[in-house]
Amino acid sequence: MLLNDIMSRKVVDAVYIIAEIGQNHQGCVETAKKMIWEAKKAGCHCVKFQKSDLPAKFTRSALNREYISDHAWGKTYGEHKEYLEFSKDQYLQLQAYCKELGVDFTASAMDERSLEFLADLNVPFIKIGSGDANNFPLLKKAASLDLPLVISTGMQTMQTVERIVHTMREAGKQNYALMHCVSSYPTAPEDCNLQLISLFRRRFPDVVIGYSGHELGVVVSQAAVLLGARIVERHFTLDKSQKGSDHRCSLEPQELKALTAAISNFELSSVSLSPKKIFQKLNGSRELEAALRDVENKTILPCELPCRNKLGKSIVAARSLKKGGRLQLADMAIKVSEPSGLTAEVYLDIVGKELADNIGEDEPIYGSSIII
Ligand SMILES: CC(=O)N[C@H](C=O)[C@@H](O)[C@H](O)[C@H](O)COP(=O)(O)O
Ligand SMILES: C=C(OP(=O)(O)O)C(=O)O
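Residues numbered from 1 in each chain as written. Chains lettered and ligands numbered in written order. Predicted model: local features only at pLDDT ≥ 70, side-chain atom pairs only at ≥ 80, totals over all residues. Heavy atoms only, no water.

From N to C terminus, the protein chain includes 15 helices and 12 strands. Relative to its length of 372 residues, the protein chain is compact, with a C-alpha radius of gyration of 20 Å against a globular reference of 21 Å. C-alpha extents for the protein chain along the principal axes are approximately 65 × 45 × 40 Å. By the burial criterion, 55% of the 372 residues in the protein chain qualify as buried. Sequence-distant contacts, at least 24 apart, represent 68% of the contacts inside the protein chain between residues at least 6 apart. Summing over all exposed atoms, the protein chain offers an accessible surface of approximately 15900 Å²; the carbon and sulfur share of this is 48%. One finds the centroid of the 46 positive side-chain charges in the protein chain at a distance of 2 Å from the centroid of its 46 negative side-chain charges. (Helix = DSSP H or I, 4+ residues; strand = E, 2+ residues; numbered from the N terminus. Rg over C-alpha atoms; globule rule 2.2 N^0.38 Å. Buried < 20%, exposed > 50% of the residue type's maximum accessible area, 1.4 Å probe, protein only. Contact = heavy atoms within 4.5 Å. Areas by Shrake-Rupley, 256 points an atom, 1.4 Å probe, with all protein chains shown as cover. Lys, Arg positive; Asp, Glu negative; His and termini not counted. Charge placed at Lys NZ, Arg CZ, Asp CG, Glu CD.)

Structure (structure tokens):
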């Protein structure tokens, strides 16, 4: 698999291209198959889905909340997500179809149960999406598997990215990649912060860097490659005007084909071009200039806050907890919670802390729930 050769640095002049079908299949296996066929025809190496075990990823109140949106497939968020989730049998059908066509098949593991599910399916690699980039228990579990990992870094600070790298190092994990990503749909050019690809490459010279883009069009993703991204992931759709949160910032087959063709025409090496040269090479537009602007550090951007509030993970009670007790690891789970609680990132920091309140199972743990 090309991804293994890129991760081991055997290949430095090729780019592994992932068509993120995600939930753009509208809950329909036949549509998913059509998308797989089109992605393969467009020159992608891989098609990716999103796998969630709903009670493992979301708290009950997050699943029961009303989902009022033009993109909703159900009255509650849980019904909406259930509609878009494929069963094991459907995953097996899609996997077999990909094998027939000769395209890699995988999904992002949105929780620990989904990670086990995907490992069981024997996918060629596991994607950890931005919503779990600060979910260190999931990252550790993923690192312990004998599978390559592709980890996105949207909605995170540089400090968190450093912690991911540290976690991988501690686990002895070498076959993993970090994806620069901005979790805003669609991402405005000035928020694309492409120069973070160069910053990642300088700061983490041993790690392959990729780009998971949510901007409109293909030119910014081409620039990402010229800056050194060797994995590119873009959402894919058969029709951008369809119902669903991600269609608008997805690429249609012709655009995806244009992207893979442009990338295959680049003469790539381990040395990247300067932003100025990239601007010239791609017949620079204002949009590209904005995407290539100087960036000092990686922060959580204001445009990422809606996604972070909706899909960022919190620490919640894994069982009913009593005021005065001291938090143990087994007392906590990491889920999307409504309302949200303490960020997943501080999970280990609050072990041993005394509880100021009773907390029901599946309810968020707040800063005010613990005595510092
Ligand atoms: C952060 C993250 O997981 N983002 C994913 C990948 O980019 C998205 O595809 C979301 O699943 C999608 O936008 C959610 O939409 P809704 O809430 O309508 O199901
Ligand atoms: C959330 C995902 O991706 P990203 O963070 O790269 O957008 C995903 O792959 O499920």
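If you add up the space inside the largest pocket, you get close to 590 Å³. Every residue lining the largest pocket is counted, 33 residues in all, and those nearest its centre are Gln50, Tyr185, Asp246, Cys307 and Leu311. Going through the elements one at a time, β2 (46–51), α5 (77–84), β8 (231–235) and α15 (305–311) are the ones with two or more residues in the lining of the largest pocket. Ranked by residue count, the leading element in the lining of the largest pocket is α15, at four residues. (1 Å grid on protein atoms, 1.4 Å probe; cavity = no way out; pocket = protein on both sides within 12 Å on 5 of 7 lines; lining within 4 Å. Points joined across faces, edges and corners; volume = space filled by probe spheres on them.)

Further remarks concern empty space enclosed by the protein. Taken as a whole, this structure holds three cavities of 30 Å³ or more when the rule is applied. In this structure, the largest cavity occupies an estimated 100 Å³ of space. As for the largest cavity, its lining consists of 13 residues, and the residues nearest its centre are Gln23, Gln50, Ser52, Leu84 and Glu85. Every element with two or more residues in the lining of the largest cavity is listed here: β2 and α5. Of the residues assigned to the lining of the largest cavity, the class counts are five nonpolar, five polar and three charged. (Nonpolar A, V, L, I, M, F, W, Y, C, P; charged D, E, K, R; others polar.)

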